Amino acid sequence: MKIIDGKAISQQIKDEVKEKVAAMAAEGKQVCLAVILVGEDPASQVYVGNKKKACEYTGIRSESFELPESTTQEELLKLIDELNGRDDINGILVQLPLPKHIDEKAVINAISADKDVDGFHPESVGRLSIGDKGFLPCTPAGVIELLKRSDIPMSGKHCVVIGRSNIVGKPMALLMLRQNATVTICHSKTENLKEICKQADILIAAVGKPKMIDSSYVKEGATVIDVGIHRLEGKKLCGDVDFDDVSKVAGAMTPVPGGVGPMTIAMLMKNCAQGID
Ligand code: NDP
C-alpha cells in the first residue's frame, strides 16, 4: 500500500510558488493577498495564522484585516469593495464561518471574481462547471494535484465522491470529470452506499463523519482519498476513513494528518500567484 504524502507534495507546490513569486518580483510585480477575519473564533484564528505563514514562506505579501465580532455586514461589504478596487491586491480571502448576523453568500458574491482565490464565487463555480479557466476551490484542486503527482491515473477510472457540499464534494466531482474520470456522487440519501463505493477505482471521502469508511467500502487495490478532518479526544486527528482498516485493502491512500489537509493552503498560494490565467 502506497501512502500519498500530502506534506511532501504541498511543500513541492509551495516551493514552486515561491520560485514564481520571486520571478514576478524580479519583473517588478508583487503578489498580495488580503486576509479578512471577523470575530475571535480560535479555529479560524489558527487557519488565518497558517495562511499568513504560508504567504511569508512563498514571498506573497499578506495584508491582514482582523475585525471585531460586532462588524456589520455593510462595513464588511465596504471593505471588500475597497479591496476589489485596489490594483495592489491580487486575492481576497474572507475566513469562514462568519458571525451569524452576516450573510455569507452576500459576502462571497461581493468579492470580485478575478480576486476570488478561494474559488467560491458563483462566477468561479460557473467557470468550473463549463470548463473555462477560473479560480478552483483549494481543497478539491489539492486532491487532483495529489493524484497527478502520485501518478495515479484518473482518465476512464470510476471515481466515487462521498459528499456533495459546495466547497468539497460538488467541485471535486466536476474536477474529476475534467480529468475524464467516470464520476458517481453519493450523499446522505444514497441507497446501497457500500456497494457503490466498492466499485470505485478512486474513492474520495468528504462526508464529515469520523472513520465512517472502513475496508468494507473499498475495492482491493483502490485509491482512497480522505478529505475529512476531525479532532478526537486527546487532540488526535482522524479523517472520514478508518486508516488502519482500509490500509489492508487499498492500493494507495492519504493519511490524516499529512494528506489532503496541507494541500488546501498550498493551492491557495498557487491561486494567489497564478491569477485567473
Ligand atoms: P458537509 O457537512 O458540508 O458535507 C458532507 C456531505 O456528506 C453532505 O453532502 C452529506 O450529504 C454527506 N453525508 C453525510 N452523512 C452521510 C452518510 N452517512 N452517507 C453518505 N453521505 C453522507 O462537509 P464538507 O464538504 O464541508 O466537509 C467534508 C469533510 O471534509 C469534513 O470532515 C470537513 O472537516 C473536511 N474538510 C477538510 C478540508 C481540508 O482542508 N482537508 C477542507 C474542507 C472540509 P447531504 O448533502 O445529503 O447532507
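Residues numbered from 1 in each chain as written. Predicted model: local features only at pLDDT ≥ 70, side-chain atom pairs only at ≥ 80, totals over all residues. Heavy atoms only, no water.

Student: I tried to follow the nonpolar core on my own but got confused; where do I start?
Tutor: The nonpolar side chains of a soluble globular protein tend to be buried with one another. Grouped together as the largest cluster of nonpolar side chains are 49 residues, with contacts concentrated most on L33, I60, M176, I204 and M269. Among the secondary structure elements, those contributing two or more residues to this core are α1 (6-26), β2 (32-38), α2 (42-58), α6 (138-149), β5 (158-162), α7 (169-178), β7 (202-205) and α10 (261-274). In terms of residue count, α10 provides more of this core than any other element does, 8 residues in total. If you count residues domain by domain, this core takes at least three from each of domain 1 (28-111) and domain 2 (138-261). The residues contacting M176, other than those within four sequence positions of it, are I144, L147, M154, C159, A181, V183, I202 and I204. Formed by 18 residues, the second largest nonpolar core is a distinct cluster that contains L193, A200, L203 and A222. (Core = buried A, V, L, I, M, F, W, Y, C linked by side-chain atoms within 4.5 Å. Buried < 20%, exposed > 50% of the residue type's maximum accessible area, 1.4 Å probe, protein only. Helix = DSSP H or I, 4+ residues; strand = E, 2+ residues; numbered from the N terminus. Domains from an automatic or database assignment. Contact = heavy atoms within 4.5 Å.)

Student: Is there a simple way to think about the sheet that holds β2 in this case?
Tutor: Strand pairing in a sheet is mediated by backbone hydrogen bonds. Such pairs are either parallel or antiparallel. Strand order in the open sheet formed by 3 strands is β3-β2-β4, with parallel pairing between adjacent strands. Bordering the open sheet on either side are β3 (61-67) and β4 (91-94), each of which pairs with just one other strand. Sheet twist, expressed as the average angle between the axes of neighbouring strands with direction ignored, equals 15°. Where α2 meets the sheet, it contacts β2, β3 and β4, and its direction lies at approximately 170° from that of β2. Against the sheet, helix α3 (residues 73-85) touches β2, β3 and β4, its axis set at about 180° to β2. (Pairing = 2+ DSSP bridges. Axes fitted to C-alpha atoms, helices over the stretch in contact; angles between N-to-C directions.)

Student: Looking at this model, I keep getting lost on the pairing of β7. Mind explaining?
Tutor: If a strand is regular, its side chains alternate between the two faces of the sheet. Covered by surrounding structure in β7 are I202 and I204 together with L203 and A205, the residues of both alternating faces. Two elements, β5 and β7, share 4 bridges in a ladder whose sense is parallel. Directly across from I162, in β7, lies its bridge partner A205. Across 4 bridges, the pairing between β7 and strand β8 (residues 223-226) is parallel. Note on β8: the bridge partner recorded for L203 is V224.

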